[in-house]
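# Commentary on secondary and tertiary structure
One letter stands for each residue in the lines below.
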Amino acid sequence: MAGPPAGAVETRPLRVMSLDQCGDQYALALAPDADLALSPRADDPDSWMREAAQGRRRTRPTLETAIAFRPDVVVRYWGGDARLLARLEADGVRVATIDDATDFEGVRRNIRSVSGALAAAPRGEALIARMDARLRGAARAADAPKPSALYLTAGGFTAGRDTLIDAILGAAGLANAAAIRGFAPVSVERIALSPPARFVFGFFDQTRSDWRGPGRHPVVRSAARNRVAARLPAAALTCPAWFAADAAAMLKAGR
């Protein structure tokens, strides 16, 4: 299943297989000239690179598919079962795993790791430079006050410290109103009794997802009236990637 041996003359494009939607984003951005086998969700509405995925091969992330495609590099975040991953390792296929990131330095590490596996370091550095430029544009002045905001999904969850959401809020000059670590549900009752000064909504554009979730409750809608700093699309939030900086820019534009 692995590519040609070291030193062999490469007569075909690099074969890159993505095992999940997050892997799709990295493969499309860093290896657009490769022979790509993307996941079935590569062009879904919550895919940041969905337009670039148009017309590309999409396959199920199975062992049988990998055997038939014979990838040189596999890119994954969470995708791939134990049988597939064991076979890839045994066959010497290079697997680039995207790690969870709780800050933008973690995103930079992901970009450098995957771009290195794809022999696309210059593209990776260009992506980091673009991300950093977006972050500079989203930042408030150092001495400016940081208004508080509560991040809330349609399913009724928020994000506190040690999450990329927290880093996005901070990059846009907002203080996180969730005094927790990680992710946790927020009760409708809490919002009714003590509504935050402002909300940042996430994943509300996915109308078929959590359409009856706590975040869509009439009490929440009432509390959020004239208090929504921004509505972040799912496509900007589904993967620890460079477009988290675009989410910060959206916050600046909406605040």
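What you see as residue numbers is a count from 1 along each chain, following the sequence as written. With pLDDT at 70 or above as the cut-off, local features in this predicted model cover only qualifying residues; side-chain atom pairs require 80 or more to be listed or tallied, and sums for whole chains, interfaces and linings still use all residues. Each side-chain value is derived from all of the structure's non-hydrogen atoms; neither hydrogens nor water enter the calculation.

Our next topic: the overall build of the protein. Numbering of helices and strands runs from the N terminus, with a helix taken as a DSSP run of H or I at least four residues long and a strand as a DSSP run of E at least two residues long. A count of helices and strands for the protein gives ten helices and ten strands. Relative to the 2.2 N^0.38 estimate, which gives 18 Å for 255 residues, the radius of gyration of the protein is 20 Å and therefore close to what a compact globule would have. Taking the principal axes of the C-alpha coordinates as reference, the protein spans close to 65 × 40 × 30 Å. Residue burial in the protein is summarised as follows: out of 255 residues, 48% are buried. When contacts within the protein are restricted to residue pairs at least 6 apart in sequence, those whose partners lie at least 24 apart make up 64%. Looking at the protein as shown, the accessible area adds up to about 12,400 Å², and 51% of this sits on carbon and sulfur atoms. Each charge sign in the protein was given a centre, from 35 positive and 27 negative side chains, and these centres are 6 Å apart. To get the radius of gyration, use the C-alpha atoms; to get the globule rule, take the number of residues to the power 0.38 and multiply by 2.2 Å. Summary of the burial criterion: residues with accessible area below 20% of their type's maximum are buried, those above 50% are exposed, and those between are partly exposed, where the area comes from a 1.4 Å probe applied to protein chains only. Whether two residues are in contact is decided by their heavy atoms: any pair within 4.5 Å suffices. Each accessible area value is a Shrake-Rupley result obtained with a 1.4 Å probe; residue values ignore everything except the protein chains displayed when judging cover. Asp and Glu count as negative and Lys and Arg as positive, but His and the ends of the chain are not part of the count. Where a charge lies is defined by one atom per residue type: Lys uses NZ, Arg uses CZ, Asp uses CG and Glu uses CD.

A separate point is the side chain of Gln 206. Tracing the backbone shows Gln 206 in the loop between strand 9 (199-202) and helix 9 (218-224). With near-sequence residues (within four places) excluded, Gln 206 lies in contact with Pro 45, Asp 46, Arg 216 and Ala 234.

A few words now on the state of the cysteines. Criterion for a disulfide: a pair of cysteine sulfur atoms within 2.5 Å. Counted by the stated rule, this structure contains one disulfide. A disulfide bridge connects Cys 22 with Cys 239, and the sulfur atoms are separated by 1.9 Å. The chirality of the disulfide connecting Cys 22 with Cys 239 is right-handed, given an S-S dihedral of about 50 degrees. Highlighted residues: Cys 22 in helix 1 (residues 21-30) and Cys 239 in the loop between strand 10 (228-232) and helix 10 (244-254), separated in sequence by 217 residues.

Glancing now at the sheet that holds strand 10. Overall, parallel pairing links the four strands, which are arranged 7-5-9-10 in an open sheet. Looking at strand neighbours, the two that pair on one side only are strand 7 (175-176) and strand 10, the edges of this open sheet. We call two strands paired when DSSP finds no fewer than two bridges between them. Here strand 9 pairs with strand 10 via four bridges, running parallel. Residue pairing in the sheet places Phe 199 in a bridge with Val 228 of strand 10. In this analysis, axes come from line fits to C-alpha atoms, helices being fitted only over the stretch in contact, and the angle between any two N-to-C directions falls in the range 0 to 180 degrees. Along the sheet, helix 10 contacts strand 9 and strand 10; its crossing angle with strand 10, the most-contacted strand, is approximately 145 degrees.

Below, the discussion takes up helix 7 (residues 164-171). Burial analysis of helix 7 places six of its eight residues in the buried class, which makes it a mostly covered element. Here helix 7 has its buried residues at Leu 164, Ile 165, Ala 167, Ile 168, Leu 169 and Ala 171. Within two residues after helix 7, Gly 173 carries a phi angle of roughly 80 degrees, on the positive side.

Here the focus is the environment of Arg 198. Counting through the fold element by element, Arg 198 comes out in the loop between helix 8 (188-193) and strand 9. With 32 residues separating them along the chain, Arg 198 and Ala 230 place their C-alpha atoms 9.2 Å apart. If near-sequence neighbours (up to four positions away) are discounted, Arg 198 is found in contact with Pro 147, Ser 148, Ala 149, Leu 150, Leu 174, Arg 227 and Ala 229. In protein, a polar contact means a hydrogen-donor-capable atom and an acceptor-capable atom, both N or O and within 3.5 Å, with residues adjacent in sequence counting only if both atoms are side-chain atoms; elsewhere, any N or O pair within 3.5 Å suffices. Among the polar contacts made by the side chain of Arg 198, one reaches the main-chain carbonyl oxygen of Ser 148 at a distance of 2.9 Å.

Let us look at the sheet that holds strand 3 (residues 73-76). As summarised here, the arrangement of the four strands in space is 2-1-3-4, forming an open sheet in which the pairing is parallel. The sheet is open, and its two edges are formed by strand 2 (35-37) and strand 4 (94-97), each paired on a single side. Geometrically, the sheet is characterised by an average inter-axis angle of 20 degrees between neighbouring strands, direction not taken into account. The pairing of strand 3 with strand 4 spans four bridges and is classified as parallel. Across the sheet, residue Val 73 finds its bridge partner in strand 4, namely Arg 94. Packing of helix 1 onto the sheet brings it into contact with strand 1 (15-18), strand 2 and strand 3, and relative to strand 1 it is tilted by some 155 degrees. On the sheet, helix 5 (residues 104-117) packs against strand 3 and strand 4 and is oriented at approximately 165 degrees with respect to strand 4.

Glancing now at the pairing of strand 1. Taken together, the three bridges between strand 1 and strand 2 define a ladder with parallel strand orientation. Paired with Arg 15 across the strands is Asp 35, a residue of strand 2. The pairing of strand 1 with strand 3 spans three bridges and is parallel. Its bridge partner lying in strand 3, Ser 18 is registered against Val 75.

Glancing now at the environment of Ala 121. Examined against the element boundaries, Ala 121 turns out to sit in helix 6 (residues 121-138). Note: C-alpha distance between Ala 121 and Ile 111 (ten residues apart in sequence) is 8.8 Å.

Geometric descriptors of this kind do not, in isolation, establish any biological role.
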